[in-house]
Structure formats: C-alpha cells, structure tokens
Amino acid sequence: VFIGSCMTNIGHFRAAGELLKGFNGQLPTRLWVAPPTKMDEAQLTAEGYYSIYGKVGARTEMPGCSLCMGNQARVADKATVVSTSTRNFPNRLGQGANVYLASAELAAIAAILGRLPAKDEYLEMVKSLSKSSDTTYSYLNFDQYEHFTSKADKIAIEPEVTAAAKKSYAAFVA
C-alpha cells in the first residue's frame, strides 16, 4: 500500500493516520508513506502522525515522488498494490505490479485489513473521521504558519528576478 503523491494534501495523511491510530501491532501489509513536501513531513511529525505510522510498521520515505514515480522505491515483482498515486501505468510501481488507485482513506483501510474492504466495512471505518474532519482535512496553508513564514521572510529575491516575474505574470493575464 502506498500513500503519497504530489496530489495528496496533508489532510489525506492525517486521515490515514487517524485510521491507523486505532490499529494495534504491525500491519498485515507493507505500507509506504511519502508526503509531497518537507513542510508536510515536518507538520505531520509535529502533529504525531509519523509516530503513528512507525507504530504500525509503515515505511516512511523522504518527501517527494517515491513509489509514485518508482524512482526511490519499487514494490516486489507482480505485487498487488493499493496506491494514492495518480497513475497506474504498467511497471511504474514495480515489474508486473497490479495497481489499484485509491483515496488515502481506502489505502489505510486496505493496509489494516490486508485487502480491499467491502462497502459496508469501508463506510463503518471512515465514520470515525467525521468527528474531527474540520481539523483532519484542513490544508497546510504555509503562509499562515509562522514557522514557515519566518524562513520565507529571510529569502532575498534579486530585483531582476522580481521584475521578470511581474512581466511574465502581466503577459499571462493580458
């Protein structure tokens, strides 16, 4: 099971973590987790989700493409994979891999069960997410986190670069 890709946002990783939190022991499947950015990784770590992933035996990859591109890790030959990536091209995740594209919630449940759930099983398990959906699915708006904005404020952008960006933007919206 792979939870990651540039199209997943931090809420998907939180939701998966909330579902995994209720599982005791090691998962019956292999689970890879790879958030899209280092900022997501830092926030998920601060919120305790990396601890949850570790407790169930998930393999946390460095932020980025990972299994989605098959460039940091690959699954075993002819493996069946549930993935939150956006593509299931032949051999992308592994040689002869059979890939099912899914939401992070479905992927987490498949990791817990060791198989795709029946509709009723899925609905019962995701019901627990409704209690905290406002916080679970909130975006990581980097411009609203002092930890990130304080670093961004220290970056100097050369005037020529700013001028070129403004010129390109003006041409784009014209």
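Residues numbered from 1 in each chain as written. Predicted model: local features only at pLDDT ≥ 70, side-chain atom pairs only at ≥ 80, totals over all residues. Heavy atoms only, no water.

**Some remarks on a nonpolar patch on the surface**
Taken together, the side chains of Ile-155, Ile-157 and Val-161 make up a nonpolar region of the molecular surface, amounting to roughly 310 Å² of accessible area. Mapping Val-161 onto the fold places it in helix H8 (residues 159-173). The class of Val-161 is partly exposed, set by a relative accessible area of 47%. (Patch = residues over 30% accessible without salt bridge, like charges linked within 9 Å, V, L, I, M, F, W, Y side chains within 5 Å. Areas by Shrake-Rupley, 256 points an atom, 1.4 Å probe, with all protein chains shown as cover. Salt bridge = Lys/Arg side-chain N within 4 Å of Asp/Glu carboxyl O. Helix = DSSP H or I, 4+ residues; strand = E, 2+ residues; numbered from the N terminus. Buried < 20%, exposed > 50% of the residue type's maximum accessible area, 1.4 Å probe, protein only.)

**Focus: the side chain of Thr-136**
Among the secondary structure elements, Thr-136 is positioned in helix H6 (residues 133-136). Looking at Thr-136, the relative accessible area reads 2%, which means it is buried. Filtering out sequence-adjacent residues up to four positions away, Thr-136 remains in contact with Gly-11, Arg-14, Ala-15 and Glu-18. (Contact = heavy atoms within 4.5 Å.)

**With respect to unusual backbone geometry**
In this structure, Lys-78 is a non-glycine residue whose phi angle is positive, near 60°. With respect to the element layout, Lys-78 can be found in the loop between strand E3 (59-60) and strand E4 (80-83). Despite not being glycine, Asn-91 has its phi angle at roughly 70°, a positive value. Summarising the element assignment, Asn-91 is placed in the loop between E4 and strand E5 (98-101). Judged by its relative accessible area of 32%, Asn-91 is partly exposed.

**Considering the packing of helix H4 (residues 104-113) against helix H5 (residues 119-126)**
Closest axis-to-axis distance for the H4/H5 pair is 11 Å, and the angle between their directions is 110°. Relative to H5, the element H4 lies roughly perpendicular. Taking contact as the criterion, the partners of Glu-105, Leu-106, Ile-109, Ile-112 and Leu-113 in H4 are, on H5, Glu-121, Tyr-122, Met-125 and Val-126. In terms of residue class, the contact of H4 with H5 is built from seven nonpolar, no polar and two charged. (Axes fitted to C-alpha atoms, helices over the stretch in contact; angles between N-to-C directions. Parallel < 35°, antiparallel > 145°, perpendicular 65-115°, else oblique. Nonpolar A, V, L, I, M, F, W, Y, C, P; charged D, E, K, R; others polar.)

**Section: the packing of helix H1 (residues 10-21) against H4**
Remark: H1 packs on H4, axes separated minimally by 8 Å, with the N-to-C direction vectors making an angle of 30°. Classified by the angle their axes make, H1 and H4 are roughly parallel. Crossing geometry of H1 relative to H4 is assigned as right-handed. Taken together, the residues of H4 that come into contact with H1 (itself represented by His-12, Ala-15, Ala-16, Leu-19 and Leu-20) are Ala-104, Glu-105, Ala-108, Ile-109 and Ile-112. Here the residues of the contact of H1 with H4 sort into eight nonpolar, one polar and one charged. (Left-handed = near helix turned anticlockwise from the far one by under 90°.)

**Section: the confidence of the model for the protein chain**
Per-residue confidence for the protein chain averages 90 on the pLDDT scale, and 97% of its residues sit at or above 70. Per-element mean pLDDT across the protein chain ranges from 82 in helix H7 (residues 146-152) up to 98 in H4. (pLDDT = per-residue confidence, 0-100.)

**Here's the deal with the pattern of salt bridges**
Within the structure shown, the criterion is met by five salt bridges. Residues Arg-59 and Glu-61 are paired through a salt bridge, measuring 2.4 Å at the closest nitrogen-oxygen approach. Where Arg-115 meets Glu-121, a salt bridge forms, and the shortest distance between an N and an O atom there is 2.7 Å.

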